[in-house]
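Tertiary structure, described
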Amino acid sequence: MKLESPGPALGRRVVRRGREHYYPHVTDAEWHDWRWQFRHRVTSLADLARFLTIPPEEWKAREQVLSDFRMGITPYYLSLIDADDPRDPLLRQVVPLAEENLFRAVGDEDPLGEEKFSPVPGITHRYPDRVLMVLSNNCAIYCRYCTRKRTMYDGATPDVEIDRMVDYIARTPSVRDVVVSGGDPLNFATAKLDAILTKLRAIPHLEIIRIGTRVPVALPQRIDDELCEMLAKHHPLWINVHFNHPNELTPDAARACDKLSRAGVPLNNQAVLLKGVNDDVATIKALCHGLMRMRVRPYYLYQCDPVRGAEHFRTPISKGIEIIEGLRGHTSGLAVPTYVIDAPGGGGKIPVQPDYLLQYDREQGRALLRNFQGKLYEYLEPRANEDVLVPVAPPIPASAQTPPIVLAGSNRKRAEPESNGKAQSANGNGHASSSPGATNGATNGASNGATNGASNGAANGAGNGAMNGAGNGAASSAKNGSAPVVGKSKWVHRGSTKAERAARAKKRTS
Ligand code: SF4
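As a starting point, this report considers the structure included with it.

Parameters and conventions
- Residues numbered from 1 in each chain as written.
- Predicted model: local features only at pLDDT ≥ 70, side-chain atom pairs only at ≥ 80, totals over all residues.
- Heavy atoms only, no water.
- Pairing = 2+ DSSP bridges.
- Helix = DSSP H or I, 4+ residues; strand = E, 2+ residues; numbered from the N terminus.
- Axes fitted to C-alpha atoms, helices over the stretch in contact; angles between N-to-C directions.
- Contact = heavy atoms within 4.5 Å.
- Polar contact = N/O pair within 3.5 Å; in protein donor to acceptor, adjacent residues only side chain to side chain.
- Near = heavy atom within 4 Å.
- Nonpolar A, V, L, I, M, F, W, Y, C, P; charged D, E, K, R; others polar.
- Salt bridge = Lys/Arg side-chain N within 4 Å of Asp/Glu carboxyl O.
- Buried < 20%, exposed > 50% of the residue type's maximum accessible area, 1.4 Å probe, protein only.
- Core = buried A, V, L, I, M, F, W, Y, C linked by side-chain atoms within 4.5 Å.
- Parallel < 35°, antiparallel > 145°, perpendicular 65-115°, else oblique.
- Left-handed = near helix turned anticlockwise from the far one by under 90°.
- Right-handed = clockwise from strand over helix to strand, strands pointing away.
- Phe/Tyr/Trp six-rings, centres within 6.5 Å; stacked < 30°, edge-to-face > 60°.
- Lys NZ or Arg CZ within 6 Å of the ring centre and 35° of its normal.

1. Things to note about the sheet that holds strand 6 (residues 267-273)
Strand order across the open sheet formed by nine strands is 1-2-3-4-5-6-7-8-9, with mixed pairing between neighbours. Each of the sheet's edge strands pairs with one partner strand only, and the pair in question is strand 1 (123-127) and strand 9 (348-351). Each adjacent strand pair in this sheet contributes to an overall mean axis angle of 30°, direction not counted. Summarising the sheet, strand 1 and strand 2 (residues 130-134) pair through three bridges and their orientation is antiparallel. Looking at the pairing, Thr124 lines up with Leu132 of strand 2. Against the sheet, helix 14 (residues 281-293) touches strand 6 and strand 7 (297-303), its axis set at about 150° to strand 7.

Right, dumping it as structure tokens:
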């Protein structure tokens, strides 16, 4: 029996979107012509009001927002937006909203300090071996959270300036990798982009060219055979795309990515974590799975930069950690992006992830690890050549109980101390595992380790943090004979002390 869609009669509303809804009279030839798409971008509020409802009381606020940062929406991208949903995740990315006006003055013009690291206009040279090259101030769509919105009014980058950027790279032998970005480099005419890439390829020390683009997301029609053939001449060439939401993974976008892949271009995705757009595990998981099906590797999940006018998009860091926690172990590792915070002022990308390494004692060669279900495992490192096997050190008295561990990024408790000496390990699926006598070991170890590790680490550097955490955590729990872990290596342990190792080293050199 064929089931009929219940439709509006049963309360399900008809979603108004798609080319048929917004552009019913546009021909196929026009729709698939990227130049037509580019020329017909929605750029003014009056234009936008032809397609989407703008509440009268919001006009002024939205106009103010537009005076700060331009709007551009391709007909294709507009067609993916639900006309009746003011919270549509794609709409929020490109349409100036009144809430953006609330935070007009909050944030930085240049949150990543790109100007500070700019030896010539258009180049950012922050890392030793790679540079960013901003080729244009033009994008197919303008993302309301764009880190580089300050550059979007500079006028087209003159050829002489592009030549100066190429010249800088040619004069700087340490640069082996260039990220060509924008604005969007794929908005250039194919011949012009070819000429720039040819100049870059002529630089002997430049190994890798990467292009950052949102064109496959916003203007997939642009990825045509001519462009792909041209790009294939300049390998090794990589492309970083920028999909943020599963609704952007359309058949057109998939076709564009497939063409690029067939031209030998590896594709990596750089998503931005955006409140009200993709700030939940299910959305990011669906995005990453969809990208994998399109042969696009989920590469980075960026914390939204504190750029002016984008405060309403920013999430707490715990949200990003929670999302990674919900992916790692719950889907293939290839589908898990690295969550990074671009350090304000130009510190570069800093990866942030849930606390899987709870303690690490380098002296004793022990680590206390947590898996994706919240279960604890002890891992012993290999013996160094000069070490000898010795029995585990004798037990020491257990220290006092400490509060249970709380996972960063969530409110779930991992290890609950119990009066009978058992500790519960709640896993990500709501199951629990227990290990006798874990109270002193796991809780003392993890909490002392995490606390000392974090605080000392912040003050003295990561190394100290890890070492102090280990000293208070895993080592003491193993020594007192308790069993804080689910899995444990059969190795007894290497046990030479610092003094013994020093003595052996002295003997060897004498
Ligand atoms: S496509 Fe990239 S450069 Fe252009 S507005 Fe969006 S985030 Fe900024």
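After presenting the structure, the write-up continues.
2. Quick word on the environment of Asp47
With respect to the helices and strands, Asp47 occurs in helix 4 (residues 45-49). When residues no more than four places from it in sequence are discounted, the contact partners of Asp47 are Arg41 and Val42.

3. Description of the side chain of Asn278
Within the fold, Asn278 resides in the loop between strand 6 and helix 14. Here the side chain of Asn278 touches Leu274 through a polar contact of 2.7 Å, landing on its backbone nitrogen. Residues in contact with Asn278, not counting those within four places in the same chain, are Asn244, Val272, Leu273, Thr283, Ile284 and Ile323.

4. Quick look at the site of the ligand
Taken together, the neighbourhood of the ligand is formed by Cys139, Ile141, Tyr142, Cys143, Cys146, Met152, Gly182, Gly183, Arg214 and His242. Looking at the shell around the ligand, its residues break down into six nonpolar, three polar and one charged.

5. So, the pattern of salt bridges
Counting across every chain of the model gives 32 salt bridges. Linking Asp68 and Arg104 is a salt bridge whose minimum nitrogen-to-oxygen distance equals 2.6 Å. Taken together, the residues span a long stretch of sequence, with Asp68 in helix 5 (residues 59-68) and Arg104 in the loop between helix 8 (98-102) and strand 1 at a distance of 36 residues. By relative accessible area, Arg104 is classed as partly exposed at 26%. Put simply, Asp258 and Arg295 hold a salt bridge, and the shortest N to O gap is 2.4 Å. With Asp258 in helix 13 (residues 251-262) and Arg295 in the loop between helix 14 and strand 7, this residue pair connects regions lying 37 residues apart in the sequence. Residue classification places Asp258 among the partly exposed positions, given a relative accessible area of 25%.

6. Observations regarding the nonpolar core
Membership of the largest hydrophobic core comes to 102 residues, with the highest contact counts inside it found for Leu52, Met133, Ile169, Leu200, Leu231 and Phe243. When residues in this core are grouped by element, the largest group, five residues, is from helix 9 (residues 159-170). Among the nonpolar cores identified, the runner-up in size contains five residues, and Phe69, Cys139, Tyr142 and Cys146 belong to it.

7. Side note on the sheet that holds strand 11 (residues 366-370)
Backbone-to-backbone hydrogen bonds join strands into a sheet, with any given pair of strands oriented parallel or antiparallel. Across the sheet, three strands lie side by side as 10-11-12; this open sheet has antiparallel pairing. One side of each edge strand has no neighbouring strand; the edge strands of this open sheet are strand 10 (357-361) and strand 12 (376-380). Each strand of the sheet is rotated relative to its neighbour by a mean of 15°, with strand direction disregarded. Where strand 11 lies against strand 12, five bridges are found, and the strand directions are antiparallel. Bridge pairing in strand 12 links Ala367 to Tyr379.

8. Observations regarding the packing of helix 14 against helix 15 (residues 317-327)
Running from amino to carboxyl end, helix 14 crosses helix 15 at an angle of 55°, the nearest separation of the two axes being 9 Å. Our classification of the angle between helix 14 and helix 15 gives oblique. Here helix 14 and helix 15 pass one another in a crossing that is right-handed. The residues of helix 15 that touch helix 14, namely those facing Val281, Ile284 and Lys285, are Glu322, Ile323, Gly326 and Leu327.

9. A closer look at the pairing of strand 4 (residues 208-212)
The element strand 4 is largely enclosed, with a buried count of five among its five residues. Judged by which residues are buried, strand 4 turns out to be covered on both faces: Ile208, Arg210 and Gly212 on one side and Ile209 and Ile211 on the other are all buried. Here four bridges tie strand 3 (residues 177-181) to strand 4, and the two strands are oriented parallel to one another. Paired with Asp177 across the strands is Ile208, a residue of strand 4. Considered for its hand, the β-α-β crossover made up of strand 3, helix 10 (residues 190-201) and strand 4 is right-handed. By the bridge criterion, four bridges tie strand 4 to strand 5 (residues 237-241) in an arrangement that is parallel.

10. Here's the deal with unusual backbone geometry
With an omega of 0°, the peptide bond between His235 and Pro236 qualifies as cis. With a phi close to 60°, Arg295 is a non-glycine residue in the positive phi region. The partly exposed category is assigned to Arg295, whose relative accessible area is 47%.

11. So, the environment of Tyr339
Relative to the elements of secondary structure, Tyr339 occurs in strand 8 (residues 338-343). Along the primary structure Tyr339 and Gln353 are separated by 14 residues, whereas in three dimensions their C-alpha atoms are 6.7 Å apart. Apart from residues no more than four positions distant in its own chain, Tyr339 is found in contact with Leu273, Leu301, Gln303, Pro316, Ile317, Gly320, Ile321, Ile324, Ile350, Pro351 and Val352. Polar contacts involving the side chain of Tyr339 include one to the main-chain carbonyl oxygen of Ile317, which spans 3.4 Å.

12. Let's talk about the packing of aromatic side chains
Tallying each qualifying case throughout the model produces nine aromatic pairs. Centroid distance Tyr23 to Trp36: 6.1 Å. Interplanar angle 80°. Geometry classified as edge-to-face. Of the two residues, Tyr23 is situated in the loop between helix 1 (19-22) and helix 2 (28-31) and Trp36 in helix 3 (residues 34-39); the sequence distance between them amounts to 13 residues. In this pair, the class of Tyr23 matches that of Trp36, namely buried. Ring pairs connect the aromatic residues Tyr22, Tyr23, Trp31, Trp36 and Phe51, which therefore count as one cluster. Against the face of Phe38 rests Arg41, its NZ or CZ located 4.0 Å from the ring centre. The positively charged end of Arg222 is found above the aromatic ring belonging to Trp34, 4.3 Å away from the centroid.

Purely spatial values, then, with no claim about function.
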